[in-house]
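Residue-level structural notes
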Amino acid sequence: MLEVTHCHREENHRRFDLVFRIVAGLALLSLLFLLEGEIKYLGLIGIPLLYTALTRKCLINRLLGINSCKL
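Residues numbered from 1 in each chain as written. Predicted model: local features only at pLDDT ≥ 70, side-chain atom pairs only at ≥ 80, totals over all residues. Heavy atoms only, no water.

1. Thoughts on a nonpolar patch on the surface
The line we're drawing: Distance thresholds for patches are 9 Å for like charges and 5 Å for nonpolar side chains (Val, Leu, Ile, Met, Phe, Trp, Tyr), applied to residues having over 30% relative accessible area and no salt bridge. The accessible surface values rely on the Shrake-Rupley method and a 1.4 Å probe; as for residues, cover is taken only from the protein chains in view. Salt bridges are defined as contacts in which a side-chain nitrogen from Lys or Arg sits within 4 Å of a carboxyl oxygen from Asp or Glu. Counting from the N terminus, the helices are the DSSP runs of H or I reaching at least four residues and the strands are the DSSP runs of E reaching at least two.
On the surface, Phe-33, Leu-34, Leu-35, Ile-39, Leu-42 and Ile-45 cluster together into a nonpolar patch covering about 640 Å² of accessible area. By secondary structure assignment, the location of Leu-42 is in the loop between helix H1 (11–34) and helix H2 (46–55).

2. Things to note about the environment of Asp-17
Our working rule: Between buried and exposed lies partly exposed: a residue is buried under 20% and exposed over 50% of the maximum accessible area for its type, with that area taken using a 1.4 Å probe on protein chains only.
You can see Asp-17 is positioned in helix H1. Using a relative accessible area of 22% as the deciding quantity, one classes Asp-17 as partly exposed. For the pair Asp-17 and Ala-53, spaced 36 residues apart in sequence, the C-alpha to C-alpha distance is 8.0 Å.

3. Structural notes on the packing of aromatic side chains
The description of an aromatic ring pair rests on the distance of the ring centres and on the angle between the ring planes. Stated formally: Aromatic pairs are defined between Phe, Tyr and Trp rings, using the six-membered ring for Trp, whenever the two ring centres lie within 6.5 Å; interplanar angles under 30 degrees are classed as stacked, those over 60 as edge-to-face, and all others as tilted.
Scanning the entire structure with this criterion turns up one aromatic pair. Centre to centre, the rings of Phe-16 and Phe-20 are 6.2 Å apart; their planes meet at 20°, and the pair counts as stacked. Linking Phe-16 with Phe-20, this pair stays in helix H1, spanning four residues, or about one helical turn. For Phe-16, a relative accessible area of 57% translates into the label exposed. Owing to a relative accessible area of 49%, Phe-20 belongs among the partly exposed residues under this scheme.

4. A few points about the environment of Leu-49
The test is simple: In this description, contact between two residues means that some pair of their heavy atoms is separated by no more than 4.5 Å.
Take Leu-49: it is sitting in helix H2. As a C-alpha pair, Leu-49 and Leu-59 span ten residues in sequence and 9.4 Å in three-dimensional space. Beyond its immediate chain neighbours, meaning those up to four positions away, Leu-49 contacts Arg-21, Ala-24, Gly-25 and Leu-28.

5. A few points about H2
Selection criterion: Summarising the geometry, the arc corresponds to the directions from the helix axis toward the C-beta atoms.
If you check which residues of H2 are buried, you get Gly-46, Leu-50, Thr-52 and Ala-53. Along the axis of H2, the buried residues cluster in a sector spanning 165°; they form a single face. Directly after H2, the chain includes Arg-56, whose backbone phi takes a positive value near 60°.

Spelled out as structure tokens, the structure:
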């Protein structure tokens with residue numbers, strides 16, 4: 001049987017982090033439409049931010065093998 005454990009952090013910190021990632025991700029994605037030339041592709045950085053906010057899983061921590069859950 002597969003057991004799933006959840007890491008519980010302070011609610012305010014989690015909410016701030018979630019809102020920050022969504023706002024920053026959308027702001028960066030808007031650069032694709034607002035800027036011209038090659039620089040506009042910096043807006044693609046917003047995709048991982050939105051992904052981590054919506055799924056609540058950090059890709060960088062997973063790639064580096066970091067587990068921030070203190071259970």
